[in-house]
Amino acid sequence: MPTYSALTTLPGEEAAQSLAAAMERMDPEPTGVGVFEIEDGSGLWEVGGYFLEPPDGVMLEVLATAFGARPFALSELPEIDWVAKVRRELAPVEAGRFFVYGSHDADKVPQGRVALQIEATVAFGTGHHGTTLGCLLAFDRLLTEGWRPAKVADIGCGTAVLAMAAAATLPGALVIASDIDRVAVDVAEANVAINGLEGRVECLEAAGLDHARIVAAGPYDLIFANILKGPLIELAPGIATQLAAGGRAILSGLLAVQADSVKAAYETAGLCLQSRDDLGEWSVLVLRKP
């Protein structure tokens, strides 16, 4: 069965979210609608809908005009076995002591590594993206320096690969993983089980730090936040508050050109930069609370 996509861009998150909400009410209705910031400093947002039958082109034209968006680009997507494609293209990732792999590469796990299995049905947070890889490398470096945090939070956890890395190397630590997306939380719980870490990583549905359990369990020695520039800046005061003295925040999901503005927000909140690593166009920041 073919899938049809309708994609457009427009300025501003509020308008993009409103357009997405209007698309949800279309007939035929989309199977899903996504809203993403285009991280090139333009201030534009992409809104995309996916349909199992051709969408109403006239209605899309009306919606684009009403919300100040560019005309929708309509496409019929080829039928692809995405799981097989991901399995072919996502080779195992090595990040210091960590080895991230899919079940199809279980025979490639080397001796003496901290192996983390991420199923190939989900492509976000697999370790292949520069942001996740950078976070793992930064965490590995802190471990090599002898640092052992006792409480860890992974905010916007996706597959929970970062939370699992913490649980696998810090046997006595409290580890909480949260995501705003219920599907991501379900994926995180499945990966935790696959890796034999049940009872070691607590997975929660939460917007940022806005969950009673997250607040009650704090302060944290380590907070991962691999999200986007906007939410990272918004979360700066909360993350700073939830860090214990001497605690670190490992931040990514930001382009190298965005790193200075994110760093400034966290310095304003009372943290100091410990390190910055650029992997291609992406940056990873490690900040410390005095």
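A brief report on the enclosed structure follows. (Residues numbered from 1 in each chain as written. Predicted model: local features only at pLDDT ≥ 70, side-chain atom pairs only at ≥ 80, totals over all residues. Heavy atoms only, no water.)

Scanning the entire structure with this criterion turns up 10 salt bridges. Between E189 and R182 there is a salt bridge; the shortest N-O distance is 3.7 Å. Linking E202 and R213 is a salt bridge whose minimum nitrogen-to-oxygen distance equals 3.1 Å. A residue pair is termed long-range when its members are at least 10 positions apart, and E202 in strand 10 (residues 201–205) and R213 in helix 7 (residues 212–217) qualify at 11 residues. You can call E202 partly exposed: its relative accessible area is 27%. With relative accessibility at 31%, the residue R213 sits in the partly exposed group. Counted as one network, the salt bridges with shared partners bring together R182, D186, E189 and E205. (Salt bridge = Lys/Arg side-chain N within 4 Å of Asp/Glu carboxyl O. Helix = DSSP H or I, 4+ residues; strand = E, 2+ residues; numbered from the N terminus. Buried < 20%, exposed > 50% of the residue type's maximum accessible area, 1.4 Å probe, protein only.)

Our next topic: the sheet that holds strand 2 (residues 32–37). Strand order in the open sheet formed by 4 strands is 2-3-1-4, and the pairing between neighbours is antiparallel. Strands with a single pairing partner mark the edges of an open sheet, and in this sheet they are strand 2 and strand 4 (73–77). The mean inter-strand angle of the sheet, taken between neighbouring strand axes irrespective of direction, is 20°. Both strand 1 (residues 3–11) and strand 4 contribute to a ladder of 5 bridges, which runs antiparallel. Along strand 4, the bridge assignment pairs T3 with L77. (Pairing = 2+ DSSP bridges. Axes fitted to C-alpha atoms, helices over the stretch in contact; angles between N-to-C directions.)

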